[in-house]
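Below, each chain spelled out in residue letters.
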Amino acid sequence: MADMTYRPLGRCGTKVSTLSLGGWTTFGGSITSERTTREILHAAFDAGVNFFDIADVYALGAAETIMGKALAALPRHHLVISSKCFWPMSQDVNDRGLSRKHIVESVERSLQRIGTDYLDILFCHRYDEETPLEETVRAMEDLIRQGKLLYWGTSEWTGAQIREAHAIADRRNAYGPQVEQPQYNLLVRDKVEGDVQPAAEDHGMGLVVWSPLASGLLTGKYDDAVPEDTRLARIEWLREQLFAGEGREKTKAMKATADRLGCTRTQLALAWAAAQPGVSSVILGATSIAQLQENLGALEVTVDDEARAALDDLFPASGN
Ligand SMILES: NC(=O)c1ccc[n+]([C@@H]2O[C@H](COP(=O)([O-])OP(=O)(O)OC[C@H]3O[C@@H](n4cnc5c(N)ncnc54)[C@H](OP(=O)(O)O)[C@@H]3O)[C@@H](O)[C@H]2O)c1
């Protein structure tokens, strides 16, 4: 297998592995075994993955707990651990959003569940229309000065929201967001390429991108059926959303390019994402060691000009 490569999070000193590993729907969710979680996370670490992405809301805290236990056996200073806050954690009116109260309390609980003294990155899991952005920026600055966060980031913010956060941070000589976490894959390109990536680049931010395989659709495993014990068998709303467009047909058509390059469609989709401008890391999801190993094989794939043109033709940036 090719050696892992590392990239800075935009204009900052910390580097993350080009392929990283996240916990949405998997650890603490479809995988409740501590042993399996540990095996997958440690196999990723052994292959050079240093960035592990979690969120408070993944399995309502259980992802942080189970991934934290697995990560505790690894040297903390080799790891870049992120978590997130925004989505409701209970019915309580303040247990959500990006208020100073929720951010501070959420970080405390994330640190306890993960079992660490600091997060490398805290992402604002969405933009909060109900909290003044200035309040959020100042809360992040305070947590960074307290040593509880090293960097903060945004997720699914627009270019304008990112620019506004930096304008506020600049006025206050505070830390602005260092990294944005958008959905980005062959089927979902418009927002990143047309809006988010230019704003991130202007402000020296990195992009760490989620659902690079469109929840598994781009692997081709849903070409003709929905296999049991898969994400799209388990999550009906996601299956309906992903099957609504031409994704399955396009995924079938992508096979010719993957075959020519001697790789799987999975690896081609991941290698494409990793090669796109501004991308610091592609966040993998995996429910087995076999999936992880196949996905890490994307490091060996070079998306040549012919492949890029074929993919642009099949998955045009303006097509979503
Ligand atoms: N910021 C946000 O709002 C946000 C949202 C979503 C995700 N994320 C982050 O991004 C990470 C990655 O997203 P994702 O899990 O949606 O990524 P993905 O790569 O699009 O989907 C991963 C899922 O596809 C299936 N899969 C992966 N590799 C496979 C292979 N080689 N062969 C067959 N099936 C395979 C597995 O599901 P099954 O085996 O269960 O079918 C796996 O859990 C998350 O863990 C999370 O950290 C962030």
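That block above? That's the structure.
Calculation notes
Residues numbered from 1 in each chain as written. Predicted model: local features only at pLDDT ≥ 70, side-chain atom pairs only at ≥ 80, totals over all residues. Heavy atoms only, no water. Buried < 20%, exposed > 50% of the residue type's maximum accessible area, 1.4 Å probe, protein only. Helix = DSSP H or I, 4+ residues; strand = E, 2+ residues; numbered from the N terminus. Pairing = 2+ DSSP bridges. Axes fitted to C-alpha atoms, helices over the stretch in contact; angles between N-to-C directions. Parallel < 35°, antiparallel > 145°, perpendicular 65-115°, else oblique. Left-handed = near helix turned anticlockwise from the far one by under 90°. Contact = heavy atoms within 4.5 Å. Nonpolar A, V, L, I, M, F, W, Y, C, P; charged D, E, K, R; others polar. Polar contact = N/O pair within 3.5 Å; in protein donor to acceptor, adjacent residues only side chain to side chain. 1 Å grid on protein atoms, 1.4 Å probe; cavity = no way out; pocket = protein on both sides within 12 Å on 5 of 7 lines; lining within 4 Å. Points joined across faces, edges and corners; volume = space filled by probe spheres on them. Salt bridge = Lys/Arg side-chain N within 4 Å of Asp/Glu carboxyl O. Phe/Tyr/Trp six-rings, centres within 6.5 Å; stacked < 30°, edge-to-face > 60°. Lys NZ or Arg CZ within 6 Å of the ring centre and 35° of its normal.

> Help me understand the pairing of strand S10 (residues 279-284) in this model?
Sheet faces and side chains relate simply in a regular strand, where the side chains alternate between the two faces. With six of six residues buried, S10 lies mostly within the body of the structure. Summarising the sheet, strand S3 (residues 19-22) and S10 pair through three bridges and their orientation is parallel. Bridge assignment links serine 20 to a residue of S10, and that residue is isoleucine 283. Of the pairings in the sheet, the one linking strand S9 (residues 206-209) to S10 comprises three bridges and is parallel in character. If you follow leucine 207 over to S10, its bridge partner there is valine 279.

> Would you take a moment to explain the packing of helix H1 (residues 34-46) against helix H2 (residues 62-71) for this structure?
Pairs of packed helices are described in terms of their axes, by the angle between the two and the distance that separates them. In the contact formed by H1 and H2, the axes pass within 9 Å of each other and the chain directions differ by 60°. As judged from the angle between their axes, H1 and H2 are oblique. Relative to H2, the crossing made by H1 is right-handed. Side by side, H1 and H2 meet where Glu34, Thr37, Arg38, Leu41 and His42 of the first sit next to Ile66, Met67, Lys69, Ala70 and Leu71 of the second. The residue makeup of the contact of H1 with H2, split by class, is five nonpolar, two polar and three charged.

> Can you walk me through the side chain of threonine 230 in this structure?
Tracing the chain through its elements places threonine 230 in the loop between S9 and helix H7 (231-234). A relative accessible area of 6% means that threonine 230 is categorised as buried. A polar atom in the side chain of threonine 230 sits 3.4 Å from the side chain of tyrosine 222. The residues touching threonine 230, leaving out its near neighbours within four places in the chain, are Lys221 and Tyr222.

> Looking at this structure, how should I read the layout of surface pockets?
To find leftover empty space, a probe the size of one water molecule is rolled over the atoms. What the largest pocket holds in volume is close to 840 Å³. The wall of the largest pocket is formed by 41 residues, among which Trp24, Ser211, Ser215, Arg231 and Gly285 lie closest to the centre. Looking at the lining of the largest pocket, the elements that each hand over two or more residues are H7, helix H8 (236-244), S10 and helix H12 (289-296). Looking at side-chain class alone, the lining of the largest pocket contains 15 nonpolar, 19 polar and seven charged residues.

> Would you explain the sheet that holds strand S7 (residues 149-154) in this entry?
Sheet architecture is closed into a barrel: eight strands sit in the order S3-S4-S5-S6-S7-S8-S9-S10, paired in parallel fashion. Strand direction decides the pairing type here: strand S6 (residues 119-124) and S7, joined by five bridges, are parallel. Considered in S7, the bridge of leucine 122 is made with tryptophan 152.

> What should I look at first to understand the pattern of salt bridges in this one?
Should the charged atoms of two oppositely charged side chains come close, the side chains can pair. Following the criterion strictly, the structure yields 22 salt bridges and no others. Its salt-bridge partner being lysine 191, residue glutamate 156 comes within 3.1 Å of it at the nearest N-O pair. With glutamate 156 in the loop between S7 and helix H5 (159-171) and lysine 191 in helix H6 (residues 190-202), the pair connects residues that are 35 residues apart, well separated along the chain. On the basis of relative accessible area, lysine 191 is assigned to the partly exposed category, the value being 34%. A salt bridge links arginine 260 to glutamate 306; the shortest N-O distance between them is 3.3 Å.

> Got a minute to help me understand the packing of aromatic side chains in this structure?
Working definition: an aromatic ring pair is given by the centre-to-centre distance plus the angle between the planes. On inspection of all chains with the given rule, the structure shows six aromatic pairs. Their ring planes at 70° and their centres at 6.4 Å tell us that tryptophan 152 and tryptophan 157 sit as a pair that is edge-to-face. The pair tryptophan 152 / tryptophan 157 is uniform in exposure class, with both members buried. Relative to tryptophan 272, the ring of tyrosine 184 has its centre 5.3 Å away and its plane inclined at 45°; by these criteria the two rings are tilted. Linking tyrosine 184 in the loop between strand S8 (179-180) and H6 with tryptophan 272 in helix H11 (residues 265-274), this pair joins segments that are 88 residues apart in sequence. Both residues of the pair, tyrosine 184 and tryptophan 272, count as buried. By way of ring pairs, the aromatic residues Tyr127, Trp152 and Trp157 are connected into one cluster. Cation over ring: arginine 76 sits above tyrosine 118, and NZ or CZ is 4.0 Å from the ring centre. Over the aromatic face of phenylalanine 243 sits the side chain of arginine 248, whose NZ or CZ is 3.8 Å from the ring centroid.

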